[in-house]
Amino acid sequence: MDHFLYQGGILHAEDVAIPDIAAAVGTPFYVYSTATLTRHFRLFTEALAPLPHLVCFAIKSLSNVAVLKVLGDLGAGMDVVSIGEYLRAKAAGVPGERIVFSGIGKTRAEIRMALEGGIRQFNVESEPEMRAISEIATSMGVVAPIAIRVNPDVDAKTHEKIATGKSENKFGIPIAKAHAAYAEAAALPGLRIVGVDVHIGSQLTDLAPFEAAFRKVRELTLALRADGHRIERLDLGGGLGIPYTRSNDAPPLPTDYGAMIKRVLGDLDAEIEIEPGRLISGNSGLLVAGVIYVKNGEGRDFLILDAAMNDLVRPSMYGAHHDILPVAEGAPGAPTQPFDVVGPVCETGDTFAKARELPLLAEGDLVAFRSAGAYGAVMASEYNSRPLIPEVLVQGHQFAVIRERPTYDEMISRDRLPEWL
Ligand SMILES: *Cc1c(COP(=O)(O)O)cnc(C)c1O
């Protein structure tokens, strides 16, 4: 469920009409709903209660500081994969004790900064990383809390580019090597073991792979405790999928996910951490674009938008589907026609949808891409020298620009001419 509905035939974000935002900031832009972000976060906290838990929002899915503040003020923790994301969490007022640092290539500089600023735990992905963290912590006279990310060799049955839990993927330490890794960690002076971490992929639409992975985490936890390690936290990663279409085969709900976690891990007396990104942010955002031209091709009509693959890369990168809504709702029974929906970038891959059935749209009309909150704005680039597009946050009747559109001057003035030119 989200808060993007038609009122009087016009698409709204909560109580704000999309054309009002378009008039104020120009198109294209991203718009996020505070009510949807809040609702999705609470679904997880309610699903995990009464187990002790921390829901850590995966910042990589949507990293605007205003969005992080909405979630942080509700008590969310944050899952970060770079020191840039760590600093965003801090800028949103989230304390270090609620920030988990994931990622396979944390640099020494990043590790040091996180230790200086305070960190809940490092999710360690390799033995060399473990040694580096210990060395840096020791040199600073502190002890770093760590969990080891294990790779459970489970097929997440998702898109190959976002599956992370098979042994062939680069992530985590193979679960068979976990005993040795924990033994080494326990012997390192700068580390304090706090838990076990796992994350098997993104956009999972079935609970079975999660359950298979969590059962392995359970076995491992019992075995590690028998070895004398203190396993107080189980970080189960993110990855719960969202409905990108309004079809029947909807992914599992957070309630069912939470119930399964309680069933598999509830008796272990451990704090549960989860790292959802997409399920909180995905359906909390729209990408709104304007129609520049309608071009009648041979056997097909192209809807040429002012948004492009540099603004929303998921269709060209993953072949992803996004529902596209006309901002002015067609009257019931009004005619529709198939359009190839494309952007202005000079790449054939800059195609959002083929033969998409839409009302008879014309120049100047607005359309909205649903489910664009996650992996939308964060993956945008300035390809074709198209400045990054603005982000807008809505709450009830109010809206505010939470990232401005840079001017062309700002974009170009970052370039420097060397003195010999
Ligand atoms: C990407 C990622 C997540 C979030 O995944 P979603 O599919 O957006 O929920 C969580 N944890 C880690 C370690 C990740 O890499």
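The following refers to the structure shown. Think of each chain on its own: its residues are numbered from 1, step by step along the sequence as written. Only residues with pLDDT of at least 70 get local features here, since the model is predicted, and only at 80 or more are side-chain atom pairs given and counted; chain-wide, interface and lining totals rely on the full set of residues. Only heavy atoms go into the side-chain values, all of them from the structure, while hydrogens and water stay out.

This part takes up the site of the ligand. Summary of the distance rule: residues count as near a molecule or strand when at least one heavy atom falls within 4 Å of that molecule or strand. As a structural note, the neighbourhood of the ligand is formed by 15 residues, with Lys-60, Ser-202, Glu-275, Arg-278 and Tyr-375 the closest of them. Pairing of N or O atoms within 3.5 Å defines a polar contact, subject to two protein rules: one partner must be a possible hydrogen donor and the other a possible acceptor, and residues neighboring in sequence count only if both atoms are side-chain atoms. Glu-275 has a polar side-chain atom sitting 2.6 Å from a nitrogen atom of the ligand. Measuring from an oxygen atom of the ligand, one finds a backbone N or O atom of Arg-278 at 2.7 Å. Ten residues, namely Ala, Val, Leu, Ile, Met, Phe, Trp, Tyr, Cys and Pro, are considered nonpolar, four, namely Asp, Glu, Lys and Arg, are considered charged, and the remaining ones, Gly among them, are considered polar. Counted by class, the shell around the ligand contains three nonpolar, seven polar and five charged residues.

Moving on, we come to the packing of aromatic side chains. Side-chain rings of Phe, Tyr and Trp (the six-membered ring for Trp) are treated as a pair once their centres are within 6.5 Å; stacked means planes under 30 degrees apart, edge-to-face means over 60, and tilted covers the remaining angles. A full pass over the atoms with the stated rule returns seven aromatic pairs. Measuring from ring centre to ring centre gives 5.9 Å for Phe-101 and Phe-122, while their planes differ by 25°; the resulting arrangement is stacked. With Phe-101 in strand β7 (residues 99–101) and Phe-122 in strand β8 (residues 121–124), this residue pair connects regions lying 21 residues apart in the sequence. Each member of the pair Phe-101 and Phe-122 is classed as buried. Members of the aromatic cluster, connected to one another through ring pairs, are Phe-44, Phe-210, Phe-214 and Tyr-257. Strands are runs of DSSP state E lasting at least two residues, helices are runs of H or I lasting at least four, and both sets are numbered from the N terminus onward. Classification of residues uses two cut-offs on accessible area relative to the type maximum, computed with a 1.4 Å probe and protein chains only: under 20% is buried, over 50% is exposed, and between them is partly exposed.

All right, on to the packing of helix α6 (residues 127–140) against helix α7 (residues 178–187) then. Working convention: axes come from line fits to C-alpha atoms, limited for helices to the stretch in contact. Angles between N-to-C directions cover 0 to 180 degrees. Remark: α6 packs on α7, axes separated minimally by 10 Å, with the N-to-C direction vectors making an angle of 10°. One element, α6, and the other, α7, form an angle in the roughly parallel class. Of the residues in α7, those touching α6 at Glu-127, Met-130 and Arg-131 are Ala-181, Glu-184 and Ala-185. Classifying every residue of the contact of α6 with α7 by side-chain character gives three nonpolar, no polar and three charged. What sets the label is the angle itself: under 35 degrees gives roughly parallel, over 145 gives roughly antiparallel, 65 to 115 gives roughly perpendicular, and the rest give oblique. The contact rule is simple, with two residues in contact once any of their heavy atoms fall within 4.5 Å.

This paragraph deals with the sheet that holds strand β1 (residues 4–7). Pairing between two strands requires that DSSP report at least two bridges joining them. The antiparallel open sheet is built from three strands, whose spatial order is β1-β2-β3. Two strands close off the open sheet at either side, each with one partner strand: β1 and β3 (16–17).

Two numbers describe how helix α2 (residues 34–48) lies on helix α3 (residues 65–73): the axes approach to 10 Å, and their chain directions differ by 45°. What the angle tells us is that α2 and α3 run oblique. Every pair of crossing elements has a handedness; the one defined by α2 and α3 is right-handed. Taking contact as the criterion, the partners of Thr-34, Leu-37, Thr-38 and Phe-41 in α2 are, on α3, Val-67, Val-70 and Leu-71. Residue composition of the contact of α2 with α3, grouped by class: five nonpolar, two polar and no charged. The crossing is said to be left-handed when, going from far helix to near helix, the turn is anticlockwise and less than a right angle, and right-handed when the turn is clockwise.

Next up on the list: the pairing of strand β14 (residues 285–296). Pairing of strand β4 (residues 29–33) with β14, which is carried by four bridges, proceeds in the antiparallel orientation. Note that in β14 the partner of Tyr-32 across the bridge is Gly-285. Judged from the four bridges that link them, β14 and strand β19 (residues 366–369) form a sheet pairing that is antiparallel. Its bridge partner being in β19, Gly-290 is matched across the sheet by Leu-366. In sequence, β14 turns back onto strand β15 (residues 301–305) through a hairpin of four residues, with Gly-299 there showing a positive phi of about 75°.

What follows deals with unusual backbone geometry. What is expected of a backbone is that most residues other than glycine have negative phi and most peptide bonds are trans. Going from Thr-27 to Pro-28, the amide bond is cis rather than trans, its omega being -5°. Structurally, Pro-28 is set in the loop between α1 (18–25) and β4. Between Ala-49 and the following residue, Pro-50, the backbone shows a cis peptide bond with an omega angle of 5°. As for its placement among the helices and strands, Pro-50 is situated in the loop between α2 and β5 (53–58). One non-glycine residue, Lys-157, lies in positive phi territory at about 55°. One non-glycine residue with positive phi stands out, namely Tyr-375, at about 55°. Taking relative accessible area as the criterion, Tyr-375 reaches 10% and is therefore assigned buried.

Turning to the nonpolar core, a few remarks are in order. One finds Met-78, Phe-122, Phe-214, Leu-234 and Val-341 to be the most contacted residues of the largest nonpolar core, which totals 97 residues. Take this core: its biggest share by element is seven residues, from helix α8 (residues 207–226). When residues of this core are assigned to domains, at least three fall in each of domain 1 (4–31 + 282–412) and domain 2 (103–274). Every residue in contact with Val-341, bar those within four places of it in the chain, is listed here: Leu-303, Leu-305, Ile-324, Thr-351, Phe-352, Ala-353, Arg-356, Leu-358 and Phe-369. Here, nonpolar core means buried Ala, Val, Leu, Ile, Met, Phe, Trp, Tyr and Cys residues that are tied together by side-chain atoms lying within 4.5 Å of each other. Within the second largest apolar cluster, 18 residues are counted, among which are Ala-22, Leu-325, Ala-368 and Val-392. In this document the domain limits rely on a domain assignment from an automatic tool or a database.

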